[in-house]
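Read off the chains here:
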Amino acid sequence: DDFFVANAARSLCQLLGEDPNMTVRIRACWALANLFDVLALLVEGGTGTKIDAGQSISVSLFQDIVRTGVKAAQDSDKVRASAMRLLGNAMRWRPNDTEMLQMVAAAVNSNIHVNNAKVQWNACYAAASLLLHSRRSESEGEEAWKIQMLKLLTREVKDCKNFKVRINAALA
């Protein structure tokens, strides 16, 4: 039900962005990441059912969720790990929103090389999603985030002590 999906996304976004309790923000971010994982699968037709990207969530709600996710990418490590997954999944769902893509890429890039392996792993996962689903741009300015992202991922493949992070960086 589209109305339920939109209301759930709006409520989770509000909890993630405004609740002072970290446990609530952790759970809200995790649930929102899961919701966008399912929406991305539906848009891509991975479940046998295909939907239109704008069917369940409006552009303005999508942008609010992405902005909240970018803000959550600066929260505690437990929130950031899910924020990375949320942002990667969200951009799978609507990959051609250039303004949001720039914000998400900056947030992902800032979390690829941090001191928490789970955040790094999820940032590499998000980077793979961004690189796979973003359209090719003619503008050098729009491609700059890809160059920076690839440099950061290469560094993780080469230098990261956590093998799972290295694998995900290489897969991206």
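Each remark here, short or long, concerns the structure printed above.
Here the structure is a predicted model, which is why all the values come from computation and not from measurement.

### Here's the deal with the overall build of the chain
- Along the chain, the regular secondary structure elements total eight helices and zero strands.
- In the chain, the succession of α and β elements from N to C terminus is α-α-α-α-α-α-α-α.
- Out of the 172 residues belonging to the chain, those deemed buried represent 48%.
- Of the contacts made within the chain by residues no fewer than 6 positions apart, 64% connect residues no fewer than 24 positions apart.

### Description of the pattern of salt bridges
- Considering all chains together, one arrives at four salt bridges under this definition.
- R25 is paired through a salt bridge with D75; the nearest N and O atoms lie 2.7 Å apart. On the criterion of sequence distance, the pair formed by R25 in helix α2 (residues 22-44) and D75 in the loop between α3 (59-72) and α4 (77-93) is long-range, its members being 50 residues apart.
- On the basis of relative accessibility, which here comes to 13%, the residue R25 falls in the buried class.
- R92 serves as the salt-bridge partner of D37, at 3.1 Å between the closest nitrogen and oxygen.

### Some details on the side chain of S82
- Take S82: it is sitting in helix α4.
- Sequence-distant contacts of S82, defined by excluding residues within four places in its chain, comprise I26, C29, W30 and A33.

### Looking at the nonpolar core
- L32, F36, I57, F62, V108, L130 and M149 are the most contacted members of the largest nonpolar core, which totals 50 residues.
- At the level of secondary structure, the elements contributing two or more residues to this core comprise α1 (2-18), α2, α3, α4, α5 (98-112), α6 (117-133), α7 (140-159) and α8 (163-171).
- The leading source of residues in this core is α2, at nine residues.
- Each residue touching L32, except ones within four places of it in the same chain, is listed here: A9, L12, C13, L16, I65 and L86.

### Description of the environment of N21
- The topology assignment puts N21 in the loop between α1 and α2.
- Using a relative accessible area of 38% as the deciding quantity, one classes N21 as partly exposed.
- Within the local environment of N21, its side chain forms a polar contact with the backbone nitrogen of T23, the two atoms lying 2.8 Å apart.

### A word on the environment of W121
- Here W121 lies in helix α6.
- Residues W121 and R85, 36 residues apart in the sequence, show an inter-C-alpha distance of 9.5 Å.
- Once residues within four sequence positions are removed from consideration, W121 is found in contact with K164, V165 and N168.

### Considerations on the packing of aromatic side chains
- Taken as a whole, this structure holds two aromatic pairs when the rule is applied.
- On the basis of an interplanar angle of 55° and a centroid distance of 6.4 Å, the ring pair of F36 and F62 is categorised as tilted. One end of the pair, F36, is in helix α2; the other, F62, is in helix α3, with 26 residues separating them in the sequence. Both residues of the pair, F36 and F62, count as buried.
- Measuring from centroid to centroid gives 6.1 Å for W121 and Y125, while their planes differ by 5°, and the two rings are stacked.

### Some remarks on the side chain of R85
- Mapping R85 onto the fold places it in helix α4.
- For the buried R85, which has no salt bridge, the nearest side chain bearing the opposite charge is D37, at an N-O separation of 4.8 Å.
- If sequence neighbours within four positions are ignored, R85 has contacts with W30, A33, N34, N122 and Y125.

### Let's talk about α2
- End to end, α2 covers 33 Å across 23 residues, agreeing with the expected 33 Å (1.5 Å per residue, within 8%).
- If you check which residues of α2 are buried, you get R25, I26, A28, C29, L32, A33, L35, F36, L39, A40 and V43.
- Two to three positions downstream of the cap, the backbone nitrogen of T23 sits 2.8 Å from a side-chain oxygen, assigning the N-cap of α2 to N21.
- In the stretch just after α2, G45 is the one whose phi turns positive, near 80°.

What counts and how
- Residues numbered from 1 in each chain as written.
- Predicted model: local features only at pLDDT ≥ 70, side-chain atom pairs only at ≥ 80, totals over all residues.
- Heavy atoms only, no water.
- Helix = DSSP H or I, 4+ residues; strand = E, 2+ residues; numbered from the N terminus.
- Buried < 20%, exposed > 50% of the residue type's maximum accessible area, 1.4 Å probe, protein only.
- Contact = heavy atoms within 4.5 Å.
- Salt bridge = Lys/Arg side-chain N within 4 Å of Asp/Glu carboxyl O.
- Core = buried A, V, L, I, M, F, W, Y, C linked by side-chain atoms within 4.5 Å.
- Polar contact = N/O pair within 3.5 Å; in protein donor to acceptor, adjacent residues only side chain to side chain.
- Phe/Tyr/Trp six-rings, centres within 6.5 Å; stacked < 30°, edge-to-face > 60°.
- Lys, Arg positive; Asp, Glu negative; His and termini not counted.
- Expected span 1.5 Å × (residues − 1).

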